[in-house]
Amino acid sequence: MKHPMLNALYPVVCAFILLCRPGPVSAQHEPAASIPAADLVQPADLAANLKSASAPKPLILQVGFRKLYAQAHIPGSEYVGAAGEDAGLQLLRDRAAKLSKDTAIVIYCGCCPWSHCPNIAAAYGALHALGFTRVRVLYIADNFGDNWVKPGYPVAAGG
Amino acid sequence: MADVRVIPALFCLAALALATPMLDTSFAHDSALRMAPDFTRTDLDGKSLSLRKYRGKVVLLNFWATWCGPCLIEIPIFTAWQNTYRTAGLQVVGISMDDDAAPVMRMYQKHHLNYPVAMGDAELGELFGGVLGLPLTYLIDPDGRIVGRYQGEPDLKQLEARIKSLLPRH
């Protein structure tokens, strides 16, 4: 049974969410669930790749929010911008313009639980639309702290 | 037969356990954060916001952002709690982790949030052990101890019950 206060607040909450969408948001904003499972990479697998001396390293792009990146990010990853917003998506396109279409790229965000991430599917869709063929997405189920930092995978700060 | 000399020791251990403030199990490993670190920021109204000045109240410190869907579900509920429990000693404090203040200010003004909101940054995040995903909410007791850390979407019914149990004038 739902809490009476939550029941009473439900219409208010729905209206609030609809009215509060921030700023310009990309029309390509899609749920993360739209990304094919075959293109996902698990944190443990990416961490093992980074640890390996012989494995070729992908270009890793963070497509989320700067304040989160500044606190902790994957070493060597580049901050691009929040791909769920038009400005961030343009920054991603600008960065991609300098790359060969067969560049191995891993994108990640981790701002929110996977199903709520506003950035990751937009970034994935944009790179595919640009013709990139080797794009993989780091699957972060809950958030970057819980799924990457806490397990002890390598972290850098700043930027 | 059990050695009767261990009974006083067991009694002391039990007493110690009962006297120790209850912590959410998700937070218990993070003993370094039992006292809420103080910080001072300027809130969206231009007033000084210091965590220390809320000693004596239960503080619900909510890290959020306008781009965070689950955060937007919580905010009207926190606003309602602030109304309901204000006189009993609750103070909600919002820290936005948006990169830009403009959408935060729009939301704050349009929806008349009834508690102070300030812009956060990496330094403030690190003070709280890293704000590496949202929403993230801390429950702080009237003595300034962190008694709950809620990463992601908390059970709001349980959280409300916990707040009520801590309120000094409830």
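Residues numbered from 1 in each chain as written. Chains lettered and ligands numbered in written order. Predicted model: local features only at pLDDT ≥ 70, side-chain atom pairs only at ≥ 80, totals over all residues.

Colleague: Can you help me understand the overall build of chain A in this one?
Modeller: Of regular secondary structure, chain A possesses six helices and five strands. Order of helices (α) and strands (β) in chain A, N terminus to C terminus: α-β-α-β-α-β-α-β-α-β-α. Within chain A, buried positions represent 40% of all 159 residues. If you take every contact in chain A between residues at least 6 apart in sequence, the share linking residues at least 24 apart comes to 74%. (Helix = DSSP H or I, 4+ residues; strand = E, 2+ residues; numbered from the N terminus. Buried ≥ 20, exposed ≤ 12 C-beta atoms within 10 Å, placed from the backbone. Contact = placed C-beta atoms within 7 Å.)

Colleague: For this particular structure, what's the right way to read the overall build of chain B?
Modeller: Assigned secondary structure in chain B consists of five helices and seven strands. Here chain B holds 170 residues, and the buried ones make up 39% of them. When contacts within chain B are restricted to residue pairs at least 6 apart in sequence, those whose partners lie at least 24 apart make up 68%.

Colleague: Quick question: what am I supposed to make of the nonpolar core here?
Modeller: Taken as a class, soluble globular proteins show a tendency for nonpolar side chains to be buried jointly. Membership of the largest hydrophobic core comes to 85 residues, with the highest contact counts inside it found for Val63, Ile107, Ile120 and Ala123 of chain A together with Leu134 of chain B. Each residue touching Val63 of chain A, except ones within four places of it in the same chain, is listed here: Val80, Gly81, Ala82, Ala83, Gly88, Leu92, Ile107, Cys109, Asn119, Ile120 and Ala123 of chain A. (Core = buried A, V, L, I, M, F, W, Y, C linked by C-beta atoms within 7 Å.)

Colleague: Just to check I follow, could you spell out the environment of Ala126 of chain A for this structure?
Modeller: Residues and elements named next belong to chain A. Its location among the elements puts Ala126 in helix α5 (residues 120–129). Overall, Ala126 belongs to the buried group, with 22 C-beta atoms counted inside 10 Å. Sequence separation between Ala126 and Asn143 is 17 residues, and the spatial gap between their C-alpha atoms is 22 Å.

Colleague: It is not clear to me how unusual backbone geometry should be interpreted in this structure. Could you clarify?
Modeller: Where the residue is not glycine, phi is negative for most of them; where a peptide bond is considered, it is trans in most cases. Residue and element names in this part refer to chain B. The amide bond that connects Leu134 to the next residue, Pro135, takes the cis arrangement and shows omega of -5°. Here Pro135 is to be found in the loop between α4 (122–127) and β6 (136–140). One non-glycine residue with positive phi stands out, namely His112, at about 50°. Mapped onto the elements of the fold, His112 is located in the loop between α3 (101–110) and β5 (117–119). By C-beta crowding, His112 is classed as exposed, having 7 other C-beta atoms within 10 Å.

Colleague: Explain the environment of Arg41 of chain B here, please?
Modeller: Residue and element names in this part refer to chain B. Of note, Arg41 is situated in strand β1 (residues 40–42). Classification of Arg41 by C-beta neighbours within 10 Å gives partly exposed; the count is 18. The spacing of Arg41 and Ala118 is 77 residues in sequence and 6.5 Å in space, taken between C-alpha atoms. Among all residues touching Arg41, those that are not within four sequence positions of it are Leu49 and Ala118.

Colleague: Explanation requested: the sheet that holds strand β4 (residues 90–96) of chain B in the structure shown.
Modeller: The strands making up a sheet associate through backbone hydrogen bonding, with each pair oriented either parallel or antiparallel. Residues and elements named next belong to chain B. Here we have five strands laid out as an open sheet, ordered β5-β4-β3-β6-β7, and mixed in their pairing. With one partner strand each, in any of the chains shown, β5 and β7 (146–151) form the two edges of the open sheet. If you compare each strand with its neighbour and ignore which way they point, the axes differ by 20° on average. Pairing analysis gives five bridges linking β6 to β7, with the strands arranged antiparallel. Across the sheet, the residue bridging to Leu136 is Gln151, located in β7. (Pairing = 2+ DSSP bridges. Axes fitted to C-alpha atoms, helices over the stretch in contact; angles between N-to-C directions.)

Colleague: Would you take a moment to explain the interface of chain A and chain B for this structure?
Modeller: The accessible area lost on association of the parts is a frequent measure of interface size. Contacts between chain A and chain B engage 32 residues on the former and 30 residues on the latter. Sorting the residues of the side of chain A that touches chain B by element identifies α1 (4–19), α3 (66–71) and α6 (144–149) of chain A as the ones contributing at least two each. Considering every element that reaches the side of chain A that touches chain B, the biggest residue donor is α1 of chain A, with seven residues. Partitioned by chemical class, the residues of the side of chain A that touches chain B number 20 nonpolar, eight polar and four charged. (Nonpolar A, V, L, I, M, F, W, Y, C, P; charged D, E, K, R; others polar.)

Colleague: Hey, could you run me through the sheet that holds strand β4 (residues 105–108) of chain A in this one?
Modeller: Residues and elements named next belong to chain A. Reading across the sheet, the five strands line up as β1-β5-β4-β2-β3 and stay open at both edges, with parallel pairing between neighbours. Of all strands in the sheet, those with a lone pairing partner are β1 (40–41) and β3 (78–79), marking the two edges. The pairing of strand β2 (residues 59–62) with β4 spans four bridges and is classified as parallel. Residue Ile60 lies in a different strand from β4, and its bridge partner there is Val106.

Colleague: Before we go on, may I ask you to explain helix α5 (residues 156–166) of chain B in this structure?
Modeller: What sets the pattern is the α-helix's 3.6 residues per turn: residues three or four places apart point alike. Residue and element names in this part refer to chain B. Among the residues making up α5, those that are buried are Leu159, Glu160 and Ile163. Buried residues along α5 cover an arc of 100° about the axis, so they all sit on one side. Away from its buried face by more than 90 degrees, α5 exposes Ala161 and Ser165. Structurally, α5 contributes buried residues whose contacts are with β3 (58–64), α2 (69–85), β4, β6 and β7. (Arc of directions from axis to C-beta.)

Colleague: I keep staring at the confidence of the model for chain B and nothing clicks. Help me out?
Modeller: In low-pLDDT segments, the atomic positions of the prediction should not be examined closely. Residues and elements named next belong to chain B. Averaged over all residues, the pLDDT of chain B is 86; the fraction at 70 or higher stands at 81%. Between residues 9–29, whose pLDDT stays under 50, and residues either more than four places distant or in other chains, the model counts eleven contacts. For this predicted complex, the interface confidence reaches an ipTM of 0.78, while the overall pTM sits at 0.81. (pLDDT = per-residue confidence, 0-100.)

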